[in-house]
Amino acid sequence: MMNKTCKTCGKDFEINEKDLVLYQQVNALPPKHCRDCRIMRRLAFRNERTFYKRPCDLCKKDMISLYSADSPFPVYCHECWWSDAWDPKSFGQEYDSNRSFLEQYQELQKKVPRLALMMLNSVRSEYTNGASDNKDSYLIFAAEYNEDCMYSRLIQRCKNCLDCSVIYDSELCYECLDSRECFKCLYCEQCQSSSDLIFCYNMRNSSNCIFCTNGRNMSNSIFNVKYSKEEFEKKKAEIFANYESIEKAKQEYAELKAKTIVKYASQTKCNNATGDYLHNCYDGVYLFDTADAKNCSYMGDAESPIDSIDCNNYYYKCELCYNMMGILQSSKCKNCAYVFYCNEVEYSENCHNLTSAFGCNAIRKGQYMILNKQYEKAEYEKIKNEIVEKMKQENVYDDFFPPALSPFGFNETLGYDFYPISKEEALNKGFNWQDRTTGTYGKETIEEGAVPESIEGVTEDILKEILACTDCKKNFRITQAELNFYKRMNLPIPHKDFECRNKDRMQRKNPRKLWHRKCMKDGCKNEFETAYSPERKEIIYCETCYQQEVY
Ligand SMILES: [Zn+2]
Ligand SMILES: [Zn+2]
Ligand SMILES: [Zn+2]
Ligand SMILES: [Zn+2]
């Protein structure tokens, strides 16, 4: 066990024996920052949803980009960035051993062109990011193989879904969270292999249920009680009568969920893992929204990672990495952002197919490179060791990139979603801040009270109107595909913009924090780590007691 004081926030934290073994395995120094500060630094490099219109700095065509027009570096469109019209190696810099390495890396960072968006193989889906293989989709993020989906994040292989988060293989869903293989489900959480569920929690193989929880093979039920088809339809019509009746139902669902029995964590097929929203994870602590992890700790949004620690948005069998953000199939890398198919790379960003490199940016294929400059193997090793030694002396080696090196304002990133700190606090911690807000305010053409309360009678004229969000007052519009969806599903026009809807949905998820608690079933002595804080009203059961309750 090692006791440390966080370099950024001054909080004391512990590094236990198991963590130390893993840090050794990935060849990293024990961290100098606490868990929260480590996560914040990584998440500060992930802008998923703030888009700007700006020209490509090479072909000059207008495009959608994650970077505002006044960013200090050039930004290229997809075609230009991947073309041979420029060479990332032409920006190569000689390492100056008299100056700080990170300062030199920052100079390189300001010169090298960045890719406008992370989007691949998509059709008619310009407003998507961290996304690939999507069709006719709009404002979806961390999303693969979807069709006709809108306003959602972390969705895969879905069709016709709107306003959902963390859903897989589903169709015609609305406002669903953490669900799989669902059809026509509305306002549901943690449901699987089910259809026509409304305001339901943790259902399996069920259909036509309203306000039901923990049901297995259940049908035509309201509040877990069987009803006739007519009574069911009557209740459904009552809920979806208008905007206000839905808001009332949301409240009713929240009260229902607060009294329900929940499993201490959403974990399936896991062994010796702590965290929440996990599937098939073995041996690890503080894992969130992660699947198929083996011997990994402190991970978020990861799939099939092996022997790694402190990584976020980490996919396709990465192994032996430390402190990484946005990675595909890489191994033995440390302190990188957006490196794909890389090995033994440190302090690099936006690189592909790179092996043995340090401080590189936008390299598309290479080996033995430092600051985008090519070396022979021996020379590379010598300079790299020199840099590492100097960084160790400066007490910064194996820290993630300093927050100031993020190309985004903290308030544009996932960091702000999980840690909504003030501008002042962000600046104090060294993060950047984006003052230029996207979108408009006060330009609405329709007053809040004049937005139709039900979809009946709403005509295509609504597409010409500018609405204002009831929460943040930002203006927004309704798209044609969106209107078609509301009409088909008999849903009213939303009163909030996409950002506020996303925020509301994220708040329904458990926080990425753990508390040590006891099973609340009388007589049970089991204890566990849970993301349900002690103030929460839900009845928390251990795995065994929960299974007895639902089956
Ligand atoms: Zn800290
Ligand atoms: Zn271009
Ligand atoms: Zn809003
Ligand atoms: Zn128990």
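In this text the structure is predicted, and so the values were computed from the model without any measurement. (Residues numbered from 1 in each chain as written. Chains lettered and ligands numbered in written order. Predicted model: local features only at pLDDT ≥ 70, side-chain atom pairs only at ≥ 80, totals over all residues. Heavy atoms only, no water.)

S.K.: What should I look at first to understand the coordination of the zinc ion (ligand 3) in this one?
M.R.: Geometrically, a metal with four donors at the corners of a regular tetrahedron has ideal angles of 109.5 degrees, and one with six donors at the corners of a regular octahedron has ideal angles of 90 or 180 degrees. Cys469 (SG), Cys472 (SG), Asp497 (OD) and Cys500 (SG) make up the full set of protein donors to the zinc ion (ligand 3), lying at 2.1 to 2.3 Å. Around the zinc ion (ligand 3) sit four donor atoms, and with donor-metal-donor angles ranging over 97 to 120° the site reads as tetrahedral. Expressed as a motif, the donor residue spacing for the zinc ion (ligand 3) is C-x2-C-x24-D-x2-C. Of this pair, Cys472 sits in the loop between strand S30 (467-468) and strand S31 (475-476) while Cys500 sits in helix H11 (residues 498-508), placing them 28 residues apart in sequence. A residue is classified by how much of its surface remains accessible, and Cys472, at 28% relative accessible area, is partly exposed. On the basis of relative accessible area, Cys500 is assigned to the buried category, the value being 7%. (Donors = N, O, S within 2.8 Å, 3.2 Å for Na, K, Ca; no water. Tetrahedral: all angles 85-135°; square planar, octahedral: opposite > 155°, others 65-115°. Helix = DSSP H or I, 4+ residues; strand = E, 2+ residues; numbered from the N terminus. Buried < 20%, exposed > 50% of the residue type's maximum accessible area, 1.4 Å probe, protein only.)

S.K.: Would you explain the sheet that holds strand S7 (residues 119-120) in this entry?
M.R.: Sheet strands line up and pair through hydrogen bonds in the backbone, either parallel or antiparallel. In spatial order, the strands read S7-S8-S9-S10-S11-S12-S13-S14-S15-S16; together these ten strands make up an open sheet with mixed pairing. The sheet is open, and its two edges are formed by S7 and strand S16 (225-226), each paired on a single side. Bridge analysis of strand S11 (residues 165-168) against strand S12 (residues 177-183) gives three bridges, and the strand direction is parallel. In the strand pairing of S12, Ser165 is matched with Leu177. Along the sheet face, helix H5 (residues 229-239) touches strand S13 (192-198), strand S14 (207-210) and strand S15 (219-222) and points at about 55° away from the line of S14. Most of the contacts of H11 go to strand S10 (residues 150-156), to which it runs at about 40°, and overall it touches strand S9 (138-144), S10, S11 and S12. (Pairing = 2+ DSSP bridges. Contact = heavy atoms within 4.5 Å. Axes fitted to C-alpha atoms, helices over the stretch in contact; angles between N-to-C directions.)

S.K.: For this particular structure, what's the right way to read helix H6 (residues 243-259)?
M.R.: The periodicity of an α-helix, 3.6 residues per turn, causes residues three or four places apart in sequence to face the same way. The end-to-end C-alpha separation of H6 is 25 Å, in line with the 24 Å expected for 17 residues at 1.5 Å each. Among the residues of H6, the N-terminal cap falls to Asn242, whose side-chain oxygen and the backbone nitrogen of Glu244 are separated by 3.1 Å. (Expected span 1.5 Å × (residues − 1). Polar contact = N/O pair within 3.5 Å; in protein donor to acceptor, adjacent residues only side chain to side chain.)

S.K.: Looking at this structure, how should I read the packing of aromatic side chains?
M.R.: The description of an aromatic ring pair rests on the distance of the ring centres and on the angle between the ring planes. All told, the structure shown has 37 aromatic pairs when counted by the stated rule. With centroids separated by 5.5 Å and ring planes inclined at 65°, the aromatic side chains of Tyr127 and Tyr138 adopt a geometry described as edge-to-face. Of this pair, Tyr127 sits in the loop between S7 and strand S8 (128-132) while Tyr138 sits in strand S9, and the two are eleven residues apart along the sequence. Aromatic pair Tyr138 and Tyr151: ring centres 5.7 Å apart, planes at 85°, arrangement edge-to-face. On the criterion of sequence distance, the pair formed by Tyr138 in strand S9 and Tyr151 in strand S10 is long-range, its members being 13 residues apart. (Phe/Tyr/Trp six-rings, centres within 6.5 Å; stacked < 30°, edge-to-face > 60°.)

S.K.: When you look at the side chain of Ser308 in this model, what are you seeing that I'm missing?
M.R.: Mapped onto the elements of the fold, Ser308 is located in the loop between strand S21 (297-303) and strand S22 (309-315). Of the polar contacts made by the side chain of Ser308, one reaches the backbone oxygen of Ile306; its length is 2.9 Å. Not counting residues up to four positions away in its chain, the partners in contact with Ser308 are Leu22, Val26, Asn295, Cys296, Ser297, Met299, Tyr314, Cys318, Glu319, Leu320 and Cys321.

S.K.: Is there a simple way to explain the pairing of S21 in this structure?
M.R.: Two faces belong to every sheet, and in a regular strand the side chains alternate between them. Among the seven residues of S21, six are classified as buried, and the element is accordingly described as predominantly covered. Sheet analysis places strand S20 (residues 282-291) next to S21, joined by four bridges and oriented parallel. Pairing of Ala291 across the sheet is with Glu303, part of S21. For S21 and S22, the ladder comprises four bridges, and the chain directions are parallel. Note that in S22 the partner of Ala302 across the bridge is Tyr314.

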